[in-house]
Amino acid sequence: MQPFAVPAWEDGAEITHFKTNNSAGNGVAATKKPKKKKPKKEKPKKRDKTAKAKTPKSSDKFTYRQGGGPLAPPSRNSSPSDDDDDDMEDGIRAMHKVRVGRIEKQRPPTQATKGGKREVKLKPELVQAAVEAMETAPSPAPATSLASKLQTELLGGRFRYINEQLYSVTSRKAEALFRKDASAFEAYHAGYRQQVEKWPLNPLNRIIKTIKKLPKTAIIGDFGCGEGKLAESVPNKVFSMDLVAAKGDIIACNITDTPLQAQSLDVAVYCLSLMGTDLNDFFLEANRVLKLHGNVYIAEIQSRFEDVRQFVRCLSACGFDMVKKDVAVNYFYFFQFKKMRHVPKTTKLKPFSLKPCLYRKR
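Calculation criteria
Starting from 1, residues in each chain are numbered consecutively following that chain's sequence as written. The predicted origin of the model limits local features to residues at a pLDDT of at least 70 and limits the giving and counting of side-chain atom pairs to 80 or more, whereas totals for whole chains, interfaces and linings rest on all residues. Excluding hydrogens and water, the side-chain figures rest on all heavy atoms present in the structure. We call a set of buried residues a nonpolar core when its members are Ala, Val, Leu, Ile, Met, Phe, Trp, Tyr or Cys and they connect through side-chain atoms within 4.5 Å of each other. The rule is simple: take the accessible area with a 1.4 Å probe, protein chains only, and divide by the maximum for that residue type; under 20% is buried, over 50% is exposed, in between is partly exposed. Secondary structure elements are defined from DSSP: runs of H or I of at least 4 residues count as helices, runs of E of at least 2 residues count as strands, and each element is numbered from the N terminus. In this description, contact between two residues means that some pair of their heavy atoms is separated by no more than 4.5 Å. Centre distance within 6.5 Å is the pairing criterion for rings of Phe, Tyr and Trp, where only the six-membered ring of Trp is used; planes under 30 degrees apart are then read as stacked, over 60 as edge-to-face, and the remainder as tilted. Using protein atoms alone on a 1 Å grid, points that fit a 1.4 Å probe yet trap it form a cavity, whereas open point sets bounded by protein on both sides within 12 Å along at least five of seven lines form a pocket; residues with an atom within 4 Å of a point count as lining. Grid points are joined across faces, edges and corners, and a volume is the space filled by probe spheres set on the points. Classification used: nonpolar for Ala, Val, Leu, Ile, Met, Phe, Trp, Tyr, Cys and Pro, charged for Asp, Glu, Lys and Arg, polar for all others including Gly. What the arc covers is the set of directions going from the helix axis to the C-beta atoms. N or O atoms closer than or at 3.5 Å make up a polar contact, with two conditions inside protein: a donor-capable atom paired with an acceptor-capable one, and, for residues adjacent in sequence, both atoms drawn from side chains. Salt bridge, as applied in this entry: a Lys or Arg side-chain nitrogen positioned within 4 Å of an Asp or Glu carboxyl oxygen. In this description, strands pair whenever DSSP reports at least two bridges between them. When the strands point away from the viewer, a crossover counts as right-handed if the path from the first strand over the helix to the second runs clockwise.

(A) The arrangement of the nonpolar core in detail. Ile 162, Leu 166, Ile 211, Ile 220, Leu 230, Val 269 and Cys 271 are the most contacted members of the largest nonpolar core, which has 34 residues in total. Sorting the residues of this core by element identifies α4 (142–168), α5 (171–180), α6 (182–198), α7 (203–212), β4 (265–271), β5 (290–301) and β7 (332–339) as the ones contributing at least two each. Considering each element in turn, this core owes the most residues, five residues, to α6. Non-local contacts of Val 269, meaning those with residues more than four positions away in its chain, are made with Ile 207, Ile 211, Ile 220, Gly 221, Asp 222, Phe 223, Leu 230 and Tyr 297. Membership of the second largest hydrophobic core comes to 32 residues, among which are Leu 279, Cys 318, Tyr 333 and Phe 335.

(B) Expanded view of the packing of aromatic side chains. Scanning all chains against the criterion turns up 16 aromatic pairs. Here Phe 305 and Phe 335 contribute two aromatic rings whose centre-to-centre distance is 5.5 Å and whose plane-to-plane angle is 45°, an arrangement assigned as tilted. Within this pair, whereas Phe 305 is found in the loop between β5 and α10 (308–317), its partner Phe 335 is found in strand β7, the two being separated by 30 residues in sequence. Between Tyr 331 and Phe 332, the aromatic rings sit 5.0 Å apart at their centres with planes inclined by 70°, giving edge-to-face as the arrangement.

(C) Quick look at the layout of surface pockets. As a volume, the second largest pocket reaches approximately 660 Å³. Residue lining of the second largest pocket: 31 residues in total, with His 189, Gly 224, Cys 225, Gly 226 and Asp 242 positioned closest to the centre. In terms of residue count, α6 provides more of the lining of the second largest pocket than any other element does, six residues in total. Its residues placed into classes, the lining of the second largest pocket shows 17 nonpolar, nine polar and five charged.

(D) Representation of helix α9 (residues 279–289) in the model. Taking burial as the measure, the 11 residues of α9 include nine buried ones, the bulk of the element. Of the positions making up α9, those classed as buried are Leu 279, Asn 280, Phe 282, Phe 283, Leu 284, Glu 285, Ala 286, Asn 287 and Val 289.

(E) Structural detail: α10. Those residues of α10 that sit buried are Val 308, Phe 311, Val 312, Cys 314 and Leu 315. Buried residues in α10, looked at end-on, bunch into an arc of 160°, giving them a common side. For α10, the elements touching its buried residues are α9, β5, β6 (320–326) and β7. Taking the backbone nitrogen of Arg 309 as reference, a side-chain oxygen 3.1 Å away marks Asp 307 as the first, capping residue of α10. Looking at the residues trailing α10, positive phi occurs at Gly 319, about 100°.

(F) Spotlight on the pattern of salt bridges. Taken as a whole, this structure holds 10 salt bridges when the rule is applied. A salt bridge links Arg 206 to Asp 326; the shortest N-O distance between them is 2.7 Å. Placement of Arg 206 in helix α7 and of Asp 326 in strand β6 is noted, with a sequence separation of 120 residues between them. On the basis of relative accessibility, which here comes to 35%, the residue Arg 206 falls in the partly exposed class. On the accessibility criterion, Asp 326 (22% relative accessible area) is partly exposed. Where Arg 341 meets Asp 321, a salt bridge forms, and the shortest distance between an N and an O atom there is 3.9 Å. One end of the pair, Arg 341, is in the segment after β7; the other, Asp 321, is in strand β6, and 20 residues separate them in sequence. Overall, the relative accessible area of 32% leaves Asp 321 in the partly exposed class. Counted as one network, the salt bridges with shared partners bring together Glu 285, Arg 288 and Lys 345.

(G) The arrangement of the pairing of β4 in detail. Burial within β4 is extensive, with six of its seven residues counted as buried. Examined bridge by bridge, strand β1 (residues 219–223) and β4 share three bridges and lie parallel to one another. Along β4, the bridge assignment pairs Ile 220 with Val 267. Two strands pair when backbone bridges link them, and β4 and β5 are joined in this way by six bridges, in the parallel orientation. Directly across from Val 267, in β5, lies its bridge partner Asn 295. Viewed along the sheet, the connection from β4 through α9 into β5 turns out right-handed.

(H) Local environment of unusual backbone geometry. A positive phi angle, near 55°, is found at Leu 272, a position not held by glycine. Locating Leu 272 in the fold gives a position in the loop between β4 and α9. By relative accessible area, which is 11% here, Leu 272 ends up buried. At His 293, a residue that is not glycine, the phi angle is positive and equals roughly 70°.

Encoded structure:
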């Protein structure tokens, strides 16, 4: 079998002759027919802006269409006056209120004065009653009110002066101050009552609640009792003591040297009465008159304490151990101590005191 052989180009090829094309160009692109130009569409004419808009579909939001009935407002093509424009707007508002189901009551026109303020007309009976009330009302006394104001300021000033003296001297000198001026004690407590009204709470009320929980047989000693409110509030036997006796049942004495017998009290109370620079003498006297394991209740202003632990150590030197304290109350601290041992009054202790509580002028 003979192998496959490709004949020579000259032997097997046929020559094809193409007709010549006179059109410009050459190649395949020359045989394409020219494209026909599409006729230009005429642009639609612009619609007039004043033309009527298409009617909205039923699904669109409701709109008003100006009608031609007898109750319809005048058309926009006409040239209504200012009054006609107001009437047209009122008519449209009325139609809207009817459509949404809202009915408003007509308000009477307000009567305005020249300044634009509303003029209120009162009935003659009310006017007459007001005039009679003004005639019968007592006229204020400015002189009396001014005098009372000056008296209050003088009372407050004297209270602050006496208060500073009591905090800066010993109990012996404070006793001499009140003996020299008998009215000073009354002036001090009058100013003190004014200060109590400004406090968030009265600490004596808390001590009264504590005493009421004790047995009725417990004997109480109120050191620096003031006006003796504690004795009036509890059923227990209370010895009320202060530098000056404001009442008949109060013992006038220096609370560092009381006429009470030794170990005769179950409870000693110091409510805002730790005044002076010799507090060690205060608590040595309390140790003398208290029974063993007797309690001491103290209430003092918070700002007077620089170091509470130092205060507790000073009372420990006087024979008292702290049972509990409450320093979380705003403005006041409360303590309870218990007598654990006898300490003679002749014991030499370093004097200690608290910071003075100075009331500012208001």
